Amino acid sequence: VDMIKARYKSYGQDLTVRKGRFLFNGPVDNPWLDVEAIRVSKSKKVTAILRLTGSLQRPETRISSDPALPETEALAYLITGRPLNQVSKSEGNMLASAALSYGGGQAAWITEKLGIDEFEVQEGETLQDTLVTVGEYLTPDFYVGAKVGLFNKQAAMVLKHKITDTINVETQAGTSQRVKI
């Protein structure tokens, strides 16, 4: 399936799809992605490029630019339309959040290296609320994990237990205690 005149929303930006295809060769719910979305800078001299490739369930993301710039600079153009040295304070928070999100997605190798099931950067309402989640399924029905604030002293221990196919119990202890069923 080819995308014509498509838009792609990522990192809070509405990007133009320059090339977009879904390829089906296997399960219908997991097509292969081949998407290239762009944002032209406000000066019209730089094009920031976001590429998505791989299966829908495990896409790989790459950020680049034309002309070629360091990845951090390309991300600044993608998020703000301007170079990194011209980014405002509020745009800087948005950019830092996008960098954490992008970096967290690129860090899937950490789960394999550490032998854990989950490593995720969870964005909060503000950059200070951003958490890193690390966890492991000790059995298929029992999960133990931790959430730690990147820019604050927030920390929580998380336990999840699958009681039946439709009922799960999750407890979280830290600055606040919670139980979810």
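The preceding data block contains the structure.
Let me sum up the structure you'll find in this document. (Residues numbered from 1 in each chain as written. Predicted model: local features only at pLDDT ≥ 70, side-chain atom pairs only at ≥ 80, totals over all residues. Heavy atoms only, no water.)

Some points on the overall build of the protein
Thought 1: Per the secondary structure count, the protein includes three helices and 11 strands.
Thought 2: Listing the helices and strands of the protein from first to last along the sequence gives β-β-β-β-β-α-α-α-β-β-β-β-β-β.
Thought 3: When burial is assessed residue by residue, the protein has 35% of its 181 residues classed as buried.
Thought 4: Taking contacts inside the protein between residues at least 6 apart in sequence as the whole, the part at least 24 apart equals 21%.
Thought 5: Summed over its atoms, the accessible surface of the protein is roughly 11600 Å², and 55% of this surface lies on carbon and sulfur atoms. (Helix = DSSP H or I, 4+ residues; strand = E, 2+ residues; numbered from the N terminus. Buried < 20%, exposed > 50% of the residue type's maximum accessible area, 1.4 Å probe, protein only. Contact = heavy atoms within 4.5 Å. Areas by Shrake-Rupley, 256 points an atom, 1.4 Å probe, with all protein chains shown as cover.)

Quick word on the packing of aromatic side chains
To describe a pair of aromatic rings, you give the distance between the ring centres and the angle between the ring planes.
Thought 1: Applying the stated criterion across every chain, the model contains one aromatic pair.
Thought 2: The side chain of K160 reaches across the aromatic face of Y143, ending 4.7 Å from its centre. (Phe/Tyr/Trp six-rings, centres within 6.5 Å; stacked < 30°, edge-to-face > 60°. Lys NZ or Arg CZ within 6 Å of the ring centre and 35° of its normal.)

Notes on the pairing of strand β4 (residues 47–55)
Regular strands show a simple pattern: their side chains alternate between the two faces of the sheet.
Thought 1: Counting buried positions over the nine residues of β4 gives seven, a clear majority of the element.
Thought 2: Pairing of strand β3 (residues 32–40) with β4 involves nine bridges; the strand directions are antiparallel. Residue pairing for β4: D34 is matched across the bridge by T53.
Thought 3: What sits between β3 and β4 in their antiparallel hairpin is a turn of six residues, with K44 showing a positive phi close to 65°.
Thought 4: Counting the residues between successive antiparallel strands, the hairpin from β4 to strand β5 (residues 58–66) contains two residues. (Pairing = 2+ DSSP bridges.)

Topic: the pairing of strand β8 (residues 142–149)
Thought 1: Of the two faces of β8, the one holding Y143, G145, K147 and G149 is buried and the one holding F142, V144, A146 and V148 is not buried anywhere.
Thought 2: Both strand β7 (residues 131–139) and β8 contribute to a ladder of eight bridges, which runs antiparallel. Residue pairing across strands places T133 opposite K147, the latter belonging to β8.
Thought 3: Where β7 hands over to β8, the hairpin turn is made up of two residues, counted between the paired strands.
Thought 4: Pairing analysis gives seven bridges linking β8 to strand β9 (residues 155–162), with the strands arranged antiparallel. Pairing of V148 across the sheet is with A155, part of β9.

Details of the side chain of E36
Thought 1: On the secondary structure map, E36 appears in strand β3.
Thought 2: Here R51 takes part through its side chain, which lies 2.9 Å from a polar atom of the side chain of E36.
Thought 3: The residues touching E36, leaving out its near neighbours within four places in the chain, are T16, V17, R18, K19, I49, L50 and R51. (Polar contact = N/O pair within 3.5 Å; in protein donor to acceptor, adjacent residues only side chain to side chain.)

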